[in-house]
Amino acid sequence: MKRKIFFVVLSLITFNTFSQNISDEFDYSVPRTYNLAGVNVEGNGNINENIIIAYAGLALGKELSIPGNEISKAIRNLWKQKLFADISIVAEEIKGNNIYLLIKVKSRARLSKYSFKGIKKSDAEKLRGKISLVRGEIVTKQLLQNVNNKIKKFYIEKGYYNSTVKIERIPDTTFGRNNLHLKFDIDKGERIRIEELEIVGNESVKIGKIRRLLKKTNENNFLNIFRSSKFIKYEFKEDKKKVVEYYNSLGYRDARIIEDSVYIIDEKSLGVKIKIFEGNKYYIRNISWTGNTKYTTDNLNRVLGIGNGDIYNPQLLTKKLNMNPTGVDISSLYMDNGYLFFSIQPIEVLIKNDSVDLEMRIFEGPQATINHVSVTGNTRTSDHVIMRELRTRPGKKFSRTDIIRSQRELSQLGFFDPEQMNVIPTPNPEDGTVDLEYKVVEKPSDQLQLQGGWGAGRFVGSLGFVFNNFSSKKIFKFKEWRPLPSGDGQRLSIRFQSNAIYYSSFNFSFTEPWFGGRKPNSFTISLYRSIQSNGAARESTERQQIQISGITIGLGKRLRFPDDYFTLYNSIAFQRYNLDNYQYEFSFTDGISNNFNFLHLLSRNSIDQPIYPRTGSKFSLSLQWTPPFSYFSDVDYKNATDQVKYKWMEYHKWKYESSWFINIFDKLVLNSRMEFGFLGLYNRDIGITPFERFYVGGDGLSGYHLDGRELIKLRGYENNSLTAESATEKGGTIYNKYTFELRYPVSLNPSATVYGLVFAEAGNSWLKFNKFNPFDVHRSVGAGIRIFMPMFGLLGFDWGYGFDNIPMHPTAHGSNFHISIGQQF
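Just so we're clear, the structure is a prediction, and the values are computed from it rather than from any experiment.

Visitor: Mind showing me how you'd approach the sheet that holds strand β12 (residues 269–277) here?
Guide: To summarise the sheet geometry, strands pair through backbone hydrogen bonds and adopt either a parallel or an antiparallel arrangement. An order of β10-β12-β11 is seen for the three strands of this open sheet, with the pairing classed as mixed. Edge strands, defined here as strands with exactly one partner in the open sheet, are β10 (193–200) and β11 (256–266). Taking each pair of neighbouring strands and ignoring which way they run, the sheet shows an average axis angle of 15 degrees. With nine bridges joining them, β11 and β12 adopt antiparallel strand pairing. Within the sheet, the bridge partner assigned to I257 lies in β12 and is I276. The sheet strands contacting helix α6 (residues 233–249) are β11 and β12, and the helix crosses β11 at an angle near 145 degrees.

Visitor: I keep staring at a negative patch on the surface and nothing clicks. Help me out?
Guide: Where like charges cluster on the molecular surface, the negative patch consists of D187, E190, E195, E196, E198, D266 and E267. No other element matches the three residues that β10 contributes to the negative patch. Relative accessible area serves as the criterion here: at 45%, E190 is assigned to the partly exposed category.

Visitor: Whenever I open this one, the nonpolar core confuses me. Can you help?
Guide: It is characteristic of soluble globular proteins that their nonpolar side chains tend to be buried jointly. Counting residues in hydrophobic clusters, the biggest one holds 26 residues, and the most contacted among them are I52, L58, F84, I89, I99, L101 and I103. Among the secondary structure elements, those contributing two or more residues to this core are β3 (32–42), α1 (49–56), β4 (63–66), α2 (70–80), β5 (84–95) and β6 (98–107). Broken down by element, the residue count for this core peaks at five residues, all from α2. Contacts of F84, omitting those with residues within four sequence positions, involve I47, I52, L78, W79, V105, K106, S107 and R108.

Visitor: Mind showing me how you'd approach empty space enclosed by the protein here?
Guide: To find the voids left in a structure, one rolls a probe of water-molecule size over its atoms. The tally for this structure, following the rule as stated, stands at four cavities of 30 Å³ or more. Taken as a whole, the second largest cavity encloses approximately 60 Å³ of empty space. Taken together, D417, P418, E419, K443, Q609, I611, L748, P750 and T753 form the lining of the second largest cavity. Among the residues forming the lining of the second largest cavity, the class breakdown is four nonpolar, two polar and three charged.

Visitor: Sorry if this is basic, but what is going on with the packing of helix α3 (residues 121–131) against helix α4 (residues 141–156) here?
Guide: Helices that pack against each other are described as a pair by the angle of their axes relative to one another and the distance between those axes. As a packed pair, α3 and α4 sit with axes 10 Å apart at the nearest point and diverge in direction by 130 degrees. Taken together, the axis directions place α3 and α4 in an arrangement best described as oblique. Crossing hand, α3 versus α4: right-handed. Counted together, D123, K126, L127, K130 and I131 of α3 and V147, K150, I151, F154 and Y155 of α4 form the full contact between these two elements. Here the contact of α3 with α4 is built from residues that sort into six nonpolar, no polar and four charged.

Visitor: Can you walk me through the sheet that holds strand β15 (residues 355–363) in this structure?
Guide: Read across the sheet, three strands follow the order β13-β15-β14 without closing on themselves; strand pairing throughout is mixed. Of all the strands in the sheet, the pair left with one neighbour each is β13 (283–290) and β14 (343–352). If you compare each strand with its neighbour and ignore which way they point, the axes differ by 20 degrees on average. Judged from the seven bridges that link them, β13 and β15 form a sheet pairing that is parallel. Within the sheet, the bridge partner assigned to W289 lies in β15 and is M360. Lying on the sheet, helix α7 (residues 297–304) is in contact with β13 and β15; it crosses β13 at an angle near 135 degrees.

Visitor: Just checking my understanding: could you explain the pairing of strand β26 (residues 591–605) for this structure?
Guide: As defined by bridge partners, strand β25 (residues 566–580) adjoins β26 across 14 bridges and the pair is classed as antiparallel. By the bridge assignment for β26, L568 is matched with L602. Bridge count between β26 and strand β27 (residues 616–625): eight bridges; the pairing is antiparallel. Among the inter-strand pairings, N605 is bridged to a residue of β27, identified as K618.

Visitor: I keep staring at the pattern of salt bridges and nothing clicks. Help me out?
Guide: Overall, the coordinates contain 30 salt bridges when judged by the stated rule. The partner of K396 in a salt bridge is D402, and the shortest N-O contact between them spans 3.6 Å. Classification of K396 as partly exposed rests on a relative accessible area of 35%. Across the salt bridge formed by E692 and K653, the nearest N and O atoms sit 3.0 Å from each other. Remark: K653 occurs in strand β28 (residues 652–665) and E692 occurs in the loop between β29 (668–680) and β30 (694–696); sequence separation between them is 39 residues. Each member of the pair, E692 as well as K653, carries the same accessibility label: buried. A single network of salt bridges, built from pairs that share partners, joins R673, R715, E741, R743, E761, R786 and D798.

Visitor: Sorry if this is basic, but what is going on with unusual backbone geometry here?
Guide: Residues other than glycine predominantly adopt negative phi, and peptide bonds predominantly adopt the trans conformation. The linkage connecting F561 with the following residue, P562, adopts the cis geometry, with an omega of 0 degrees. Mapped onto the secondary structure, P562 falls in the loop between β24 (545–558) and β25. Backbone geometry places N353, a non-glycine residue, at a positive phi of 55 degrees. Structurally, the position occupied by N353 is in the loop between β14 and β15.

Visitor: Explain helix α11 (residues 400–413) here, please?
Guide: An α-helical segment advances 3.6 residues per turn. Residues three or four places apart therefore align on the same side. Compared with an ideal rise of 1.5 Å per residue, which puts 14 residues at 20 Å, α11 spans 21 Å between its outermost C-alpha atoms and is within 8% of the ideal. For α11, the complete set of buried residues consists of R400, D402, I403, R405, S406, R408, E409, L410 and S411. Residues of α11 that are buried sit in contact with α9 (330–335), α10 (383–387), β17 (422–428), β18 (433–439), β24 and β26. Backbone geometry just after α11 places G414 at a positive phi near 85 degrees.

Visitor: When you look at the side chain of S606 in this model, what are you seeing that I'm missing?
Guide: As for its placement among the helices and strands, S606 is situated in the loop between β26 and β27. At a separation of 3.4 Å, a polar atom in the side chain of S606 contacts the side chain of R604. Contacts of S606, omitting those with residues within four sequence positions, involve R408, Y565, T615, G616 and S617.

Visitor: Sorry if this is basic, but what is going on with the environment of R256 here?
Guide: Along the chain, R256 falls in strand β11. Look at R256 and you get partly exposed, because its relative accessible area is 44%. Taking the C-alpha atoms as reference, R256 lies 8.8 Å from K275; in sequence the two are 19 residues apart. Contact partners of R256, with chain neighbours within four places excluded, come to V244, K275, I276 and F277.

Visitor: Looking at this structure, how should I read the side chain of H181?
Guide: Examined against the element boundaries, H181 turns out to sit in strand β9 (residues 179–187). Overall, the relative accessible area of 12% leaves H181 in the buried class. A distance of 3.0 Å separates polar atoms of two side chains, one belonging to H181 and the other to S115.

Visitor: Would you mind going over the packing of aromatic side chains with me for this structure?
Guide: By the definition in use, this model includes 31 aromatic pairs. With a centroid separation of 4.4 Å and 10 degrees between ring planes, the pair formed by Y334 and F342 is classed as stacked. As far as burial versus exposure is concerned, Y334 and F342 are alike and both buried. Considering the side-chain rings of F619 and Y656, the 6.4 Å spacing of their centres and the 35 degrees angle between planes classify their relative orientation as tilted. Placement of the pair is F619 in strand β27 and Y656 in strand β28, with a sequence separation of 37 residues. In this structure, R128 is placed above the aromatic ring of Y114, and the distance from its NZ or CZ to the ring centre is 4.9 Å. One cation-aromatic arrangement involves R253 over Y282; the distance from NZ or CZ to the ring centre is 6.0 Å.

Rules and cut-offs
Residues numbered from 1 in each chain as written. Predicted model: local features only at pLDDT ≥ 70, side-chain atom pairs only at ≥ 80, totals over all residues. Heavy atoms only, no water. Pairing = 2+ DSSP bridges. Helix = DSSP H or I, 4+ residues; strand = E, 2+ residues; numbered from the N terminus. Axes fitted to C-alpha atoms, helices over the stretch in contact; angles between N-to-C directions. Contact = heavy atoms within 4.5 Å. Patch = residues over 30% accessible without salt bridge, like charges linked within 9 Å, V, L, I, M, F, W, Y side chains within 5 Å. Areas by Shrake-Rupley, 256 points an atom, 1.4 Å probe, with all protein chains shown as cover. Salt bridge = Lys/Arg side-chain N within 4 Å of Asp/Glu carboxyl O. Lys, Arg positive; Asp, Glu negative; His and termini not counted. Charge placed at Lys NZ, Arg CZ, Asp CG, Glu CD. Buried < 20%, exposed > 50% of the residue type's maximum accessible area, 1.4 Å probe, protein only. Core = buried A, V, L, I, M, F, W, Y, C linked by side-chain atoms within 4.5 Å. 1 Å grid on protein atoms, 1.4 Å probe; cavity = no way out; pocket = protein on both sides within 12 Å on 5 of 7 lines; lining within 4 Å. Points joined across faces, edges and corners; volume = space filled by probe spheres on them. Nonpolar A, V, L, I, M, F, W, Y, C, P; charged D, E, K, R; others polar. Parallel < 35°, antiparallel > 145°, perpendicular 65-115°, else oblique. Left-handed = near helix turned anticlockwise from the far one by under 90°. Expected span 1.5 Å × (residues − 1). Polar contact = N/O pair within 3.5 Å; in protein donor to acceptor, adjacent residues only side chain to side chain. Phe/Tyr/Trp six-rings, centres within 6.5 Å; stacked < 30°, edge-to-face > 60°. Lys NZ or Arg CZ within 6 Å of the ring centre and 35° of its normal.

Okay, here's the thing in structure tokens:
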């Protein structure tokens, strides 16, 4: 009788259930050894059979004991790959001591695509980013469960606690056999809101205050119309923490939430209950210091600013010891004097009744000296441009204040993302030194200025390029042109403005911020030329034309007194107006008018960063003046023509501007500003020049003007509608403006910084100083948004409502929309 041997290994148990069936016609109580002569694979689909054999560990020539562990081990190896839904191994044939095996597998399905049903497109896009499914991925129960959990979590965070997910597995042969199209049918259900919020145990703090502290845990009622009433577990946890911290700040050291519960009211609502244990209110009875040798106890107590009898507030104590954003703290006192290794630990040494005794344990350590300073992350900006702005130099004592100031100076350059800037100190306790590494992330700083406006009855367009990190010394290194050589912190501006045959203007300016390379003394030169005509040919007798040419040379210097936030800028400028039968804007049609003036500008700027400042202030006081030419002339100016009067302009112009930034909380910033300007005269026979006047109102983008006027923006009113005028003259000789603005960022990404704002402002202008009244102003309120894109600068969109009627412009107030380009309101 022929011997027929057949065995099947179905499965075994290793986190899954397997069984093994082996059948033959010999005695299994006596194991027998076979030589593995061949292995075939069946049902492998698109998986290479050699890979499956390798996974199983069944190499040809291997000795197998039957019964034995080799087959079971091979099955375990295959299950570990998570590629198969079913596995079995059978013996196809036995010849003498040679055995031939067949591995039977059933491949798991792979994902070809997936889609959503029952939800809106925006939710589907957000879910795609969260579940992160990839085509070709093996579809397992665990994968489907993970996706189900992520979808439910997504809707729980939106307040939908009863969402359901049905997963439809649709065979898809687009990319081969055994592929699935997964369709997620989602029913998010009804949103569950907090209908009841019960707070018990509070005696010292009013329930209204606690409800305000629970910013993310609010009842669904008309009082919370602008606050969410969704229940999200991790936000509830953060809210509870804030309540305890507030109690601690009031001296309730032992305060805690001893019980909280969340209960379902119905399908659409739930309730939340919080039970508070307040405990006793504690006061500081005594503060002692140990380990201090550099500063006396009296000095430390004075800096700490907390004394016997004060409420015990751990939060205030921590701020006074380590990080006080509004003043000096104990840590900065030491670290600004080189004590990098300084540490302080407040210890409650005695708690008796309602009093706490504190011991401040100080470890001063040695003074640290800066050894090495390096910078990383600058891909365009040269090292020396960064190094010259740093206040931390090798050989100096370590100072935390110097590091903070250095970061601020780097932010002011505008070349780096202030949100990603970091400083890494590496202490070397062995020799008492520290290495400092400044990490920066470059951001685009060059700008394309593309503007358009309507003026003089026609459209005017302008195209400009501003290279804020230019390098003149690389100008002949053509490999560095991207599109121009950069990296040395210089500023190059080129701008062209035109209205076809009627108007054209060209402006060029160059600034070297470190003139000479050793000190922060800036040098600026600018050239400009413009021509406006009526469009007639140059040789035509009907041509009307004005040509303006000018040059300005300026020198700036960073001052050390009163502090090194101050700068002084002086410039000398010459501008020539050449009129040829020009019939517009000026009081004469032919001739030349010259504007030779000096400018002195004293300013102070301590804001933390230029794009979205949170703290600091800036102000400027300037005087622009011409020599009193009429004092050196024997011309009878009282009876002279305007052409003679204004051949050499004479005036003195004073301006003051100030701006303060206060970080109220989080990223909410209050910006308050004030402006004032005054234009004066030397000779009453000449009068106040019609040039250089102040035009107030609107957005300041009202086309082009040739008389040197200054456009003062004031939202809520039409352009120039608040400008003082009479029957014989127009343009204010004095103005003032006040602004209060609340700002909050939507995005601080350096490639697109976006923040919203609400504002209230007021201002006015006058023809004569004796008519000036700083309280006689036109008021407005409104809201807007600012978008900063490095390539285009700052774009602004505002809506303002002007409250006050203007007699000469009765329709100029009320609702007005404004657009600003490349400017700050």
